[in-house]
Amino acid sequence: MNYRILLLTAMLAVSMQACQGGKSNEKAARANGAAAGGDANKTSPGAGKSADGDTAAQKTSALNLKGDCTNPIEMTVQPGEKEIQLKDLVTGKDGSYQLISTELFTAIQSDKDTANNLHFLGSEITADDNLKEESTSDDKIEVVCATKAKEGQDLRLTGSLDVPNAFDTKDGAVRIYRHDGMQIENGKETPLSVVLPKTAKIGDTQEKKPEGLKLLVVKKDNSDVTIKMQYETVDRQQKHMSAIIAATYRLKK
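No experiment lies behind these values; they were computed from the predicted model shown.

Focus on the overall build of the protein
Summing up its helical and strand segments, the protein has three helices and 13 strands in all. Within the protein, the proportion of its 253 residues that are buried is 50%. The contacts in the protein between residues at least 6 apart in sequence include a share of 70% that link residues at least 24 apart. About 12400 Å² of surface is accessible on the protein, with carbon and sulfur atoms providing 45% of the total.

Written out as structure tokens, the structure reads:
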């Protein structure tokens, strides 16, 4: 598949940021890219290389740090699922896979042994294939769990994802993308879901997936398909960041 369009966009567009501290240092923290977590958009996959060539993220996972939330997305095949390849979804027959749910879990190191977390779910948005401009909604995202600010602490959590809202089974064509974003600042939630016209294609297996990205595609007993993506890196302050996305699609004939 075209990893650059479908997966690299999805994972590196995951904006993970956790700013904490007094309001006096908030501006400086953002200027530095992070206070507690950093911004994945400003971190290259090769950041944090150690002397032996491994990334720091491979040695210490943010998902293994203690946090308020537990990661619910398993990057292994679960009961009632079987692993398939993305190319298996392009059959040459008429039909399409419609996105019916999204899920995001982020873990961002806040200090040596703890992480700030955000876990949200997104519900289905149907959109006409001939969509010409962005359409937005603020009621499609539900926060399941998020780190709570301690007394006297300013805490800002953001997370977002970008995945195809549908793709054709005949040739893998994508016409519309889905963006889910959530910002929580001192407990106040600001959700946003967007569908927008954007063309791409899945099924081309010639391009290698980006370094640090894990991909798992599973088909469930009810024929729904879930594409899972995990990305881990470190920011410029050597803080570990992880994001896991699950996008579930249902076949429409």
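Focus: unusual backbone geometry
For Asn 186, which is not a glycine, the phi torsion comes out positive at approximately 50°. Relative to the helices and strands, Asn 186 is located in the loop between β9 (173-185) and β10 (188-201). Here Gln 238, not a glycine, exhibits a phi torsion of approximately 65°, which is positive. Of note, Gln 238 is situated in the loop between β12 (225-234) and β13 (240-252).

Regarding the packing of aromatic side chains
Between two aromatic rings, the relevant description is the distance of the centres plus the angle of the planes. Tallied over the full model, the rule gives two aromatic pairs. In textbook terms, an aromatic cluster arises when at least three aromatic residues are bridged by ring pairs, as seen for Tyr 97, Phe 167 and Tyr 249. When the ring centre of Tyr 177 is taken as reference, the NZ or CZ atom of Lys 198 above it lies at 4.6 Å.

Observations regarding the state of the cysteines
For the structure on display, the rule yields one disulfide. The disulfide partner of Cys 69 is Cys 145, and the gap between their sulfur atoms is 2.1 Å. Since a negative S-S torsion denotes a left-handed disulfide, the Cys 69-Cys 145 link at about -90° is left-handed. Of this pair, Cys 69 sits in the loop between α3 (56-59) and β2 (81-84) while Cys 145 sits in strand β6 (residues 141-146); the two residues are 76 residues apart in sequence, bridging distant segments of the chain.

Some remarks on the nonpolar core
The biggest cluster of nonpolar side chains holds 33 residues, and the ones touching the most others in it are Phe 120, Val 163 and Tyr 249. Only β3 (96-109), β4 (115-123), β6, β7 (154-164), β9, β11 (213-220), β12 and β13 provide two or more residues apiece to this core. For Phe 120, the contacting residues outside a window of four places in its chain are Thr 102, Glu 103, Leu 104, Ile 141, Glu 142, Val 143, Val 144, Gly 159, Leu 161, Asp 180 and Met 182.

Let's talk about the environment of Lys 170
By the secondary structure assignment, Lys 170 is in the loop between β8 (166-168) and β9. For the pair formed by Lys 170 and Thr 91, sequence separation is 79 residues and the distance between their alpha carbons is 5.6 Å. Once residues within four sequence positions are removed from consideration, Lys 170 is found in contact with Val 90, Gly 92, Lys 93, Asp 94 and Gly 95.

Thoughts on the confidence of the model for the protein
For the protein, the average pLDDT comes to 79, and 74% of its residues sit at 70 or higher. Low confidence marks residues 1-58, where pLDDT is under 50. Its contacts with residues over four positions away, or in another chain, come to 167 contacts.

Here's the deal with the environment of Leu 63
Here Leu 63 shows up in the loop between α3 and β2. For Leu 63, a relative accessible area of 23% gives the class partly exposed. With 46 residues separating them along the chain, Leu 63 and Gln 109 place their C-alpha atoms 9.0 Å apart. Setting aside anything within four residues of it in sequence, one finds Leu 63 in contact with Asn 71, Phe 105, Ala 107, Gln 230, Glu 232, Ser 242 and Ile 244.

Overview of the pattern of salt bridges
Within the structure shown, the criterion is met by five salt bridges. Across the salt bridge formed by Asp 88 and Lys 87, the nearest N and O atoms sit 3.7 Å from each other. Overall, Asp 88 belongs to the partly exposed group, its relative accessible area being 40%. Note that Arg 175 is salt-bridged to Asp 168, the shortest N-O span being 2.8 Å.

Observations concerning the environment of Tyr 249
Mapping Tyr 249 onto the fold places it in strand β13. By relative accessible area, which is 2% here, Tyr 249 ends up buried. Distance in space between the C-alpha atoms of Tyr 249 and Ser 223 is 9.1 Å, their sequence separation being 26 residues. In contact with Tyr 249, other than residues within four places in its own chain, are Tyr 97, Gln 98, Leu 99, Ile 100, Val 163, Pro 164, Asn 165, Phe 167, Asp 224, Val 225 and Ile 227. A polar contact of 2.7 Å, which involves the side chain of Tyr 249, links it to the backbone oxygen of Pro 164.

Each value, and the rule that gives it
- Residues numbered from 1 in each chain as written.
- Predicted model: local features only at pLDDT ≥ 70, side-chain atom pairs only at ≥ 80, totals over all residues.
- Heavy atoms only, no water.
- Helix = DSSP H or I, 4+ residues; strand = E, 2+ residues; numbered from the N terminus.
- Buried < 20%, exposed > 50% of the residue type's maximum accessible area, 1.4 Å probe, protein only.
- Contact = heavy atoms within 4.5 Å.
- Areas by Shrake-Rupley, 256 points an atom, 1.4 Å probe, with all protein chains shown as cover.
- Phe/Tyr/Trp six-rings, centres within 6.5 Å; stacked < 30°, edge-to-face > 60°.
- Lys NZ or Arg CZ within 6 Å of the ring centre and 35° of its normal.
- Disulfide = S-S within 2.5 Å.
- Core = buried A, V, L, I, M, F, W, Y, C linked by side-chain atoms within 4.5 Å.
- pLDDT = per-residue confidence, 0-100.
- Salt bridge = Lys/Arg side-chain N within 4 Å of Asp/Glu carboxyl O.
- Polar contact = N/O pair within 3.5 Å; in protein donor to acceptor, adjacent residues only side chain to side chain.

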